[in-house]
Amino acid sequence: MTKPVLDLSGIHKSFPGVKALTDVSLRLFPGEVHALMGQNGAGKSTLIKVLTGLYQPDAGTITLDGNPIAPKRTEDAQDLGIRTVYQEVNLCPNLSVAENICAGRFPRKSWLGGGRIDWAAVHTEARRVLAQMDLDIDVTAPLSRYSLSVQQMVAIARALRISARVLILDEPTSSLDDAAVQRLFTVLRRLRDQGLAILFVTHFLDQTYALADRITVMRNGETEGEYLAADLSRLALVNKMVGAPPDQQPTRLDSRAPETGAPVLKAVGLGRRGALQPLDMELKRGEVLGLAGLLGSGRTEAARLLFGADTADEGHVETEGRSGRWHSPREAIAAGIAFCSEDRKHEGAILDLSVRENILLALQARSGLRLCMSREQQQALADDYIKRLGIKTASADTPIGQLSGGNQQKALLARWLATEPAVLILDEPTRGIDVRAKEDLMDAVRALAHKEDGTGMSILFISSELPEVLHCSDRVLVLRDRRAAGEYRRGELDERSVLEVIAAEPAA
Ligand code: ADP
Ligand code: MG
């Protein structure tokens, strides 16, 4: 049996408050395409950054051809023959194709020739690398003259120019159309047949089955398993990506859906080109509605339209007070909608502000809309949420960056609760936090909705972890290919059919 070129084992990596990788392993063999699969937030990009020297692992070993390596910078990894093409093409459109391929390591004339760049050699070199990929284009033309797919291939050519052992592609196809993807795949198969080990990160099932020999699935920062693509069915793969549904509902939860009230938020044919097919959806008072589906199925896109973070180009939203389209989050907030985004790092916690300041942020942002509270009242309010949600912090004045991920997440939840919204949209609220904190958070979510007196909040709950969606929701809407594909009520929830709907092949 051939030995792996690259072997990672026991890799751990944490960021403040977030365990991004826990005991991760990965093996790459020469002459194979290996798909690294996992939902958003599973840890794929972090693993690649560890592999390419962008991050240092907290623990674990990496071997190349059996020898331990520890790349400290991306240049180290490159020198070892580990080449990466990132999602965004990092090239200069106004330079020529050849310049892009050779930039940083131009062939030069000898010192007798003045040590200047040898342009004839640059062009020959660029043609040589492109020929390996069966691409014959004018290398003196500016890169911008070519399509995105050709640009993507130029990026690969650049990566392969100097003897590569391993080629890593992080979501290389996300901006390509079908024909371009096919071209790219032809090139990748050719490189594989030449003996290169290719690691291909994607969340598209079809592409994985079209290209990969072997699949490693990551979930929740851990390696779920390694499989031969031929041995793993589509359904089994999705099952491993989203997590096996629980065998039974935890007993401490009442599995009966509570009587829910009048609709508080309705989407009527709400859609946006390229993001979401017209969607009809209704959220009742005191109800937790879960959105399930794979990355790209339209979950976050739906949330953003309901919150006005993106503007719909068809359909409308109805709330108790109004009916229409949002043109900004401000309008949605004024209508009582709050959105706790999945992008915690960019839109979420402000790490050097205190827990209390972080909680008060959303309230302050809309204080123009309501009578101002005194500073003391605001502080008392923040302190109350710290107590009610059990946020573990030394004090309310501690910088939020010092809290664990789960407690940061609860503080963000408190931020939106403080605005007393009628509707709360939670996008991946449990991402990156530990099991215990997840359960606390889900309990808090259900308690907010299920009030005896019928004044509960209406909550839209989005999570990549199917067990969580099933555990938390009174009703689950399954999205696939940017449209609704099925709806289930708690109690009549059949986990297997939910999975089958998620995993079904898209209609041709
Ligand atoms: P994927 O590529 O599979 O979508 P990532 O590797 O980007 O997943 O993220 C894994 C987890 O690590 C997520 O919870 C993400 O929020 C967190 N994470 C990634 N990079 C950082 C960072 N620089 N600082 C803090 N958290 C991070
Ligand atoms: Mg990623």
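Treat the numbers as computed from the prediction; the structure is a model and nothing was measured. (Residues numbered from 1 in each chain as written. Chains lettered and ligands numbered in written order. Predicted model: local features only at pLDDT ≥ 70, side-chain atom pairs only at ≥ 80, totals over all residues. Heavy atoms only, no water.)

### Overview of the domain arrangement of the protein
Split by domain assignment, the protein resolves into domain 1 (6-242), domain 2 (260-336 + 422-508) and domain 3 (351-420). Here the C-alpha centroids of domain 1 and domain 3 sit 42 Å apart. (Domains from an automatic or database assignment.)

### Overview of the nonpolar core
Counting residues in each nonpolar core, the largest one holds 91 residues, and the members touching the most others are I215, L306, L424, I425 and I459. Residues contacting L306, with those up to four places away along its chain left out, are L265, A267, L270, M281, V317, W326, A332, I337, I425 and L460. Residues I137, A159, V181 and F185 belong to the second largest nonpolar core, which totals 41 residues. (Core = buried A, V, L, I, M, F, W, Y, C linked by side-chain atoms within 4.5 Å. Buried < 20%, exposed > 50% of the residue type's maximum accessible area, 1.4 Å probe, protein only. Contact = heavy atoms within 4.5 Å.)

### Here we look at helix α5 (residues 148-160)
If you check α5, its first and last C-alpha atoms are 18 Å apart, about what 13 residues at 1.5 Å a residue would give, namely 18 Å. Where α5 is concerned, the buried positions are S149, V150, Q151, Q152, M153, V154, A155, I156, A157, A159 and L160. Packing partners of the buried residues in α5 comprise β6 (82-85), α3 (97-102), α4 (119-132), β7 (166-170) and α6 (178-193). (Helix = DSSP H or I, 4+ residues; strand = E, 2+ residues; numbered from the N terminus. Expected span 1.5 Å × (residues − 1).)

### Looking at the side chain of E287
Mapped onto the fold, E287 is located in the loop between β12 (276-284) and β13 (288-292). With a relative accessible area of 3%, E287 lands in the buried category.

### Side note on the site of ligand 1
Around ligand 1 there are 14 residues in total, and G41, G43, K44, S45 and T46 lie nearest to it. Within the side chain of S45, one N or O atom sits 2.9 Å away from an oxygen atom of ligand 1. Coverage of ligand 1 by the protein chains reaches 77% of its 550 Å² of free accessible surface. For the shell around ligand 1, the secondary-structure elements that each account for two or more residues are β2 (18-28) and α1 (44-51). Split into classes, the residues belonging to the shell around ligand 1 amount to five nonpolar, six polar and three charged. (Near = heavy atom within 4 Å. Polar contact = N/O pair within 3.5 Å; in protein donor to acceptor, adjacent residues only side chain to side chain. Areas by Shrake-Rupley, 256 points an atom, 1.4 Å probe, with all protein chains shown as cover. Nonpolar A, V, L, I, M, F, W, Y, C, P; charged D, E, K, R; others polar.)

### A short note on the sheet that holds β12
If you walk across this open sheet you meet the four strands as β12-β11-β14-β15, and the pairing is antiparallel. Edge positions in the sheet fall to β12 and β15 (323-324), since each has one partner strand and no second. Relative to β15, strand β14 (residues 314-319) runs antiparallel, the two being bridged by two bridges. Bridge pairing in β15 links E318 to S323. Packed onto the sheet, helix α9 (residues 299-307) meets β11 (263-272), β12 and β14 and runs at close to 115 degrees relative to β11. (Pairing = 2+ DSSP bridges. Axes fitted to C-alpha atoms, helices over the stretch in contact; angles between N-to-C directions.)

### Quick look at the packing of aromatic side chains
Applying the stated criterion across every chain yields a total of five aromatic pairs. Relative to F200, the ring of F185 lies with its centre 5.7 Å away and its plane at 80 degrees, an arrangement referred to as edge-to-face. Here F200 lies in strand β8 (residues 197-201) and F185 lies in helix α6, a separation of 15 residues in the sequence. Judged by its relative accessible area of 1%, F200 is buried. Taken together, the ring pairs in this structure connect F307, F339 and W416 into an aromatic cluster. (Phe/Tyr/Trp six-rings, centres within 6.5 Å; stacked < 30°, edge-to-face > 60°.)

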